[in-house]
Amino acid sequence: MTIPENNSINNIERFSGFEDVYDQHRPVAPNLVVDILSNYLQKKPGLVVDVGCGTGLSSFIWRDRADRIIGVEPNLDMLNKARYKLSLTTQADHLSFEQGYSNQLSLDSNSTDIVTCSQSFHWMEPVSTLKEIARVLVPGGIFATYDCDWPPTVNWQLEREYNNLLAISERIIAEQADPHKVAHKRNKDNHLQQIEQSGYFRFTKEIVFHNIEACSAERYVGILLSQGGIQAALQLKSDYLESEINIFQAMADDYFRGGVTNAMFSYRMRLGIR
């Protein structure tokens, strides 16, 4: 995220305490991300920096496709999970994780081929972040921010209830949370415009793609529970939200019936070429 100022610290703390749920159920970034960006770069990246990397789900995909990868994450719970996973991995000396902020990267200017933000750019202050990313990118380097559309496509009744629970959680936060401790999420629909208007990139584009993954009732409910808004509302001890989640669990159990089915995870990538 952005170096703490104003309410940025709230954005960082929003992701504390549920790193295991997040890592277990969130989708690993698709290999198509690597294919698209490597093709645009027209060579194997020397350095990829994954900003707001969380538990490393969007960092490890580069392990066999880049000379060096650095995951940058401000939240210590998420960062420590990424480092723990790395400690279990062999032949990954070229991959590292460090605590840092999107607008103050510990990198030399003109040093980085690709900077990515997976499910994270909307938590960052865009002006200072884009300035810093442009500073570290080499000429012809790529910035790509990509996000998954929630919920995954599998069943309309489940998806409707998923969206309803997100709306309930936001109402609970608005009504019960200390306004000085509420995270501020920016509109993802503005990402491409922000990249274009920054003036740092000679080419910009939005790319839409999909990835099919196996999904069970446990995972579908887990994806819901990995949402920061749900976790923030649960921390306020909402009995109503807990009961609604139990209903959602029963719906998922009834749909999946102990089995596994394919779910479509849809992505939107906004990118700029330096």
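Placed above this text is the structure.
Below is a short write-up of the structure. Note that the structure is a prediction, hence the values are computed from the model and not measured. (Residues numbered from 1 in each chain as written. Predicted model: local features only at pLDDT ≥ 70, side-chain atom pairs only at ≥ 80, totals over all residues. Heavy atoms only, no water.)

## Considerations on the overall build of the protein
Moving on, step 1. Across its full length, the protein carries ten helices and seven strands.
Moving on, step 2. Computed over C-alpha atoms, the radius of gyration of the protein comes to 19 Å, within 12% of the 19 Å expected from 2.2 N^0.38 for 274 residues, which places it in the range of a compact globule.
Moving on, step 3. Overall size of the protein, expressed as C-alpha extent along the three principal axes, is 50 × 40 × 35 Å.
Moving on, step 4. Across the 274 residues in the protein, those meeting the buried criterion constitute 53%.
Moving on, step 5. In the protein, the share of contacts with a sequence separation of at least 24, taken over all contacts with a separation of at least 6, comes to 82%.
Moving on, step 6. As presented, the protein carries roughly 12500 Å² of accessible surface, and 46% of it is formed by carbon and sulfur atoms.
Moving on, step 7. Here the protein holds 26 positive side-chain charges and 34 negative ones, and the gap between their average locations is 5 Å. (Helix = DSSP H or I, 4+ residues; strand = E, 2+ residues; numbered from the N terminus. Rg over C-alpha atoms; globule rule 2.2 N^0.38 Å. Buried < 20%, exposed > 50% of the residue type's maximum accessible area, 1.4 Å probe, protein only. Contact = heavy atoms within 4.5 Å. Areas by Shrake-Rupley, 256 points an atom, 1.4 Å probe, with all protein chains shown as cover. Lys, Arg positive; Asp, Glu negative; His and termini not counted. Charge placed at Lys NZ, Arg CZ, Asp CG, Glu CD.)

## A word on the side chain of Glu19
Moving on, step 1. One can find Glu19 in helix H2 (residues 19-25).
Moving on, step 2. Setting aside chain neighbours within four positions, we find Glu19 in contact with Thr55, Asp77, Met78 and Lys81.

## Things to note about the packing of aromatic side chains
Moving on, step 1. Summed over the entire model, instances satisfying the criterion amount to 14 aromatic pairs.
Moving on, step 2. For the ring pair Phe15 and Trp123, a centre distance of 5.5 Å and an interplane angle of 85 degrees mean the geometry is edge-to-face. Residue Phe15 is located in the loop between helix H1 (8-13) and H2, and its partner Trp123 is located in the loop between strand S4 (112-118) and helix H5 (126-136); the two are separated by 108 residues in the primary sequence.
Moving on, step 3. Classification of Trp123 by relative accessible area gives buried; the value is 5%.
Moving on, step 4. Aromatic rings pair up to connect Tyr162, Tyr220, Phe248, Tyr255 and Phe256 into one cluster. (Phe/Tyr/Trp six-rings, centres within 6.5 Å; stacked < 30°, edge-to-face > 60°.)

## Brief notes about the pattern of salt bridges
Moving on, step 1. Applying the stated criterion across every chain, the model contains 13 salt bridges.
Moving on, step 2. Between Arg14 and Glu170 there is a salt bridge; the shortest N-O distance is 3.7 Å. Of this pair, Arg14 sits in the loop between H1 and H2 while Glu170 sits in helix H6 (residues 156-176), placing them 156 residues apart in sequence.
Moving on, step 3. Residues Arg257 and Asp254 are paired through a salt bridge, measuring 3.3 Å at the closest nitrogen-oxygen approach.
Moving on, step 4. Overlapping salt bridges, with partners in common, bring together Asp147, Asp189, Glu206 and Arg270 in one network. (Salt bridge = Lys/Arg side-chain N within 4 Å of Asp/Glu carboxyl O.)

## Quick look at the packing of H6 against helix H10 (residues 239-256)
For any two helices packed against each other, one specifies the crossing angle of their axes together with the interaxial distance.
Moving on, step 1. The interhelical angle for the contact between H6 and H10, taken along N-to-C directions, is 170 degrees, at an axis separation of 10 Å. In terms of orientation, H6 and H10 fall into the roughly antiparallel class. The hand of the H6/H10 crossing is left-handed. Contact with H6, carried on its side by Gln157, Leu158, Glu161, Tyr162, Asn164, Leu165, Ile168, Ser169 and Ile172, involves Tyr240, Leu241, Glu244, Ile245, Phe248, Met251, Ala252, Tyr255 and Phe256 of H10 and no other residues of that element.
Moving on, step 2. For the contact of H6 with H10, the class distribution of residues is 13 nonpolar, three polar and two charged. (Axes fitted to C-alpha atoms, helices over the stretch in contact; angles between N-to-C directions. Parallel < 35°, antiparallel > 145°, perpendicular 65-115°, else oblique. Left-handed = near helix turned anticlockwise from the far one by under 90°. Nonpolar A, V, L, I, M, F, W, Y, C, P; charged D, E, K, R; others polar.)

## Side note on the pairing of strand S5 (residues 137-148)
Moving on, step 1. Within S5, ten of the twelve residues are buried, which leaves the element mostly enclosed by the surrounding structure.
Moving on, step 2. Here S4 pairs with S5 via six bridges, running parallel. Each residue of the ladder has a partner; that of Ile114, found in S5, is Ile142.
Moving on, step 3. Where the polypeptide runs from S4 across H5 and back to S5, its parallel neighbour, the crossover connection is right-handed.
Moving on, step 4. As paired elements, S5 and strand S7 (residues 261-273) share seven bridges and run antiparallel to each other. Bridging from a neighbouring strand, Ala144 pairs with Leu271 of S7. (Pairing = 2+ DSSP bridges. Right-handed = clockwise from strand over helix to strand, strands pointing away.)

## Looking at helix H8 (residues 217-225)
Moving on, step 1. Buried residues dominate H8, accounting for seven of its nine residues.
Moving on, step 2. Every buried residue of H8 is listed here: Ala217, Arg219, Tyr220, Val221, Gly222, Ile223 and Leu224.
Moving on, step 3. Where H8 is buried, its residues contact H2, H6, strand S6 (203-215), helix H9 (228-234), H10 and S7.

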